[in-house]
Amino acid sequence: MNIHNPLKQDFLRIFRRQSPVSVLGPHKRAAIWVQGCEEGCPGCVVPESWDRADGETIAVTELADWIISQKDIEGITLSGGEPMLQAAGLGSLIDTVRRSKDLGVVCYTGKRWEWLGRTGTPAQKSLLERVDLLIDGPYIESEHGDLLWRGSSNQRLLPLTERYRHILTQHLAAGDRSAGIEFGVDLTGAFYFTGVPALKGFRAEFEARMQRQGITIKKARATNDK
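1. Overview of the sheet that holds strand 5 (residues 104-109)
Then step 1. The strand order across the open sheet built from seven strands is 3-1-2-4-5-6-9, with neighbouring strands paired in mixed fashion. With one partner strand each, in any of the chains shown, strand 3 (56-59) and strand 9 (156-159) form the two edges of the open sheet. The mean inter-strand angle of the sheet, taken between neighbouring strand axes irrespective of direction, is 30 degrees.
Then step 2. Alignment of strand 2 (residues 29-34) against strand 4 (residues 75-79), held across five bridges, turns out to be parallel. When the bridges of strand 4 are listed, alanine 31 appears paired with threonine 77.

Spelled out as structure tokens, the structure:
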């Protein structure tokens, strides 16, 4: 008999994937931006990831194979969009990858860790058990700052395991400031940037400056960059 397991999911809907990324957590990482978010934070740098009907549907096994094939990465970063809306699929993804490769997991969420622990779904709580470093809380534009791996001062860096605790302490001791941003061009020829900008309103200002040079930034789409 085929019994549905609510803690597993065979497909994910994603906005983008990229590897390697060095500005969304410790070391080099494979980054997955899931599609769909209910927070709608003003000033979000990826509002294209909000619509749950948009993006690319991909099998968990295919995405896991892509992650495993990446060279010289230490971990995975889950961003969005809102990863907790696809907690079951992401939990399945992590389990599938870790059967082949010991990779750490950094996860962004607009939810607070306490709220997830108290009223989160079983799948959300299960995903938390697999996360090494949680970056929690919604982005608040008025509290934007030059901060490590996060955009506003209400957001927290929460080591849920010992994997990144020491390196997090080292980073913060050297200064709680942005890890910077990375620029690239995907296989479709679309230009993108990755990371948490130190400056408030960076995306709007960057796009305006590019337009003054005669360059129009098109809406980003899900990509299959290697």
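2. With respect to the confidence of the model for the chain
Then step 1. Confidence in the prediction of the chain, expressed as mean pLDDT, is 90, and 91% of residues score 70 or more.
Then step 2. Residue range residues 220-226 is modelled with pLDDT below 50. Its contacts to residues more than four positions away, or to other chains, number 24 contacts.

3. Digging into the environment of arginine 130
Then step 1. Structurally, arginine 130 is set in the loop between helix 4 (122-128) and strand 6 (133-136).
Then step 2. Sequence separation between arginine 130 and arginine 163 is 33 residues, and the spatial gap between their C-alpha atoms is 12 Å.
Then step 3. Beyond its immediate sequence surroundings of up to four residues, arginine 130 is in contact with Gly91, Ile94, Asp95, Arg98 and Val105.

4. Focus on helix 1 (residues 60-69)
Then step 1. Within helix 1, the full set of buried residues consists of Val60, Leu63, Ala64, Trp66 and Ile67. All buried residues of helix 1 project into a common sector of 160 degrees when viewed along the axis, lining one side. The outward face of helix 1, more than 90 degrees from its buried face, is lined by the exposed residues Thr61 and Asp65.
Then step 2. Elements that come into contact with the buried residues of helix 1 comprise strand 1 (11-21), strand 2, strand 3, strand 4 and helix 2 (87-98).

5. Points about the pattern of salt bridges
Then step 1. Applying the stated criterion across every chain, the model contains 13 salt bridges.
Then step 2. For the salt bridge of glutamate 38 with arginine 52, the shortest nitrogen-to-oxygen distance reads 3.3 Å. With glutamate 38 in the loop between strand 2 and strand 3 and arginine 52 in the loop between strand 2 and strand 3, this pair connects stretches of sequence that are 14 residues apart.
Then step 3. On the basis of relative accessible area, glutamate 38 is assigned to the exposed category, the value being 56%.
Then step 4. When its relative accessible area of 45% is taken as the criterion, arginine 52 is described as partly exposed.
Then step 5. Residue lysine 111 pairs with glutamate 39 through a salt bridge whose shortest N-O separation is 3.4 Å. Taken together, the residues lysine 111 in the loop between strand 5 and helix 3 (113-119) and glutamate 39 in the loop between strand 2 and strand 3 connect sequence positions 72 residues apart.
Then step 6. Residue class for lysine 111 comes out partly exposed when judged on its relative accessible area of 21%.

What counts and what doesn't
Residues numbered from 1 in each chain as written. Predicted model: local features only at pLDDT ≥ 70, side-chain atom pairs only at ≥ 80, totals over all residues. Heavy atoms only, no water. Pairing = 2+ DSSP bridges. Helix = DSSP H or I, 4+ residues; strand = E, 2+ residues; numbered from the N terminus. Axes fitted to C-alpha atoms, helices over the stretch in contact; angles between N-to-C directions. pLDDT = per-residue confidence, 0-100. Contact = heavy atoms within 4.5 Å. Buried < 20%, exposed > 50% of the residue type's maximum accessible area, 1.4 Å probe, protein only. Arc of directions from axis to C-beta. Salt bridge = Lys/Arg side-chain N within 4 Å of Asp/Glu carboxyl O.

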